[in-house]
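# Overview (structure and organization)
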Amino acid sequence: DIQMTQSPSSLSASVGDRVTITCRASQDINNYLAWFQQKPGKAPKSLIYAASTLQSGVPSKFSGSRSGTYFTLTISSLQPEDFATYYCQQYTNYPLTFGGGTKVEIK
Amino acid sequence: EVQVVESGGDLVQPGGSLRLSCAASGFTFSDHDMDWVRQAPGKGLEWVGRIRNKANTYTTQYAASVKGRFTISRDDSKNSLFLQMNSLTTEDTAVYHCARVNLNYVTDYLGQGTLVTVSS
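Residues numbered from 1 in each chain as written. Chains lettered and ligands numbered in written order. Predicted model: local features only at pLDDT ≥ 70, side-chain atom pairs only at ≥ 80, totals over all residues. Heavy atoms only, no water.

## Brief notes about the state of the cysteines
For the structure on display, the rule yields two disulfides over all chains. For A:Cys23, the disulfide goes to A:Cys88, at an S-S distance of 1.9 Å. Between A:Cys23 and A:Cys88, the disulfide has an S-S torsion of 45° and is therefore right-handed. One end of the pair, A:Cys23, is in strand β3 (residues 19-25); the other, A:Cys88, is in strand β9 (residues 85-90), with 65 residues separating them in the sequence. By relative accessible area, A:Cys88 is classed as buried at 0%. Residue pairing for B:Cys22: its cysteine sulfur links by disulfide to B:Cys98, the two sulfurs lying 2.0 Å apart. Around the S-S axis, the bridge from B:Cys22 to B:Cys98 shows a dihedral of about -65° and counts as left-handed. (Disulfide = S-S within 2.5 Å. Helix = DSSP H or I, 4+ residues; strand = E, 2+ residues; numbered from the N terminus. Buried < 20%, exposed > 50% of the residue type's maximum accessible area, 1.4 Å probe, protein only.)

Here is the structure:
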């Protein structure tokens, strides 16, 4: 199985900060990487697929990139509605696997 | 508007069985692969399995943790997805989310989920 190692597991940031979350795949997954946002008690929401393609309706403050087996999710200017837990997921091979999550909290 | 709504969650004893349902609307259900994803209390997301569409002969794939115990099925005539869960253990306690897979093979919509509690 492909392991997805996400870091950090949590971070504290202020409104307006630039935030970066990293996900490392245990083997080459090409660009088959998605990012999800989950708020407490809510369904996960798809943000990005194919490493850097925004889902329809997702604001451009979110961006994704890839360097080899390392993937990053960047929020350019953190807003109150962005405080949530973020997950990466690889979808190149079965079983699909998620990272452990990054909880973004208010500083 | 795409909607997927899960039902059927309940309290069940270890060793028991349960069948979850997912009602889909707002898209052509038969065109899409569908996933189940679960989340244990206070834990992260775990992919459970996938059922392909008719064009892909309804092929199924499962996580190792549920293979042989869980079965995913669908009824395209009723826009419905199912998860039959047998031989349940306390480790299966989780919120189970139904999810649509888009035509780029990415999960793009997940439902609110239904809670399954396995306890004696």
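## Some points on the interface of chain A and chain B
Each side of the interface is counted separately: chain A has 17 residues, and chain B has 22 residues. Summing both partners gives a buried area of about 1600 Å² for chain A against chain B, and 62% of it is carried by carbon and sulfur. Joining chain A to chain B, the criterion identifies zero salt bridges. Applying the counting criterion to the chain A and chain B interface returns three residue pairs in polar contact (both at pLDDT 80 or more). Counting residues per element, the side of chain A that touches chain B draws most heavily on strand β4 (residues 33-38) of chain A, which supplies three residues. Class assignment of the residues belonging to the side of chain A that touches chain B gives a composition of 11 nonpolar, five polar and one charged. (Contact = heavy atoms within 4.5 Å. Buried area = accessible area lost by both parts, 1.4 Å probe. Salt bridge = Lys/Arg side-chain N within 4 Å of Asp/Glu carboxyl O. Polar contact = N/O pair within 3.5 Å; in protein donor to acceptor, adjacent residues only side chain to side chain. Nonpolar A, V, L, I, M, F, W, Y, C, P; charged D, E, K, R; others polar.)

## Description of the sheet that holds strand β7 (residues 62-67) of chain A
Note on sheets: strands pair through backbone hydrogen bonds, and any given pair is parallel or antiparallel. Residue and element names in this part refer to chain A. Here we have four strands laid out as an open sheet, ordered β1-β3-β8-β7, and antiparallel in their pairing. The open sheet is flanked by β1 (4-7) and β7, the only strands paired with a single partner. Sheet twist, expressed as the average angle between the axes of neighbouring strands with direction ignored, equals 20°. Bridging between β1 and β3 involves four bridges; their strand directions are antiparallel. Among the inter-strand pairings, Met4 is bridged to a residue of β3, identified as Ala25. (Pairing = 2+ DSSP bridges. Axes fitted to C-alpha atoms, helices over the stretch in contact; angles between N-to-C directions.)

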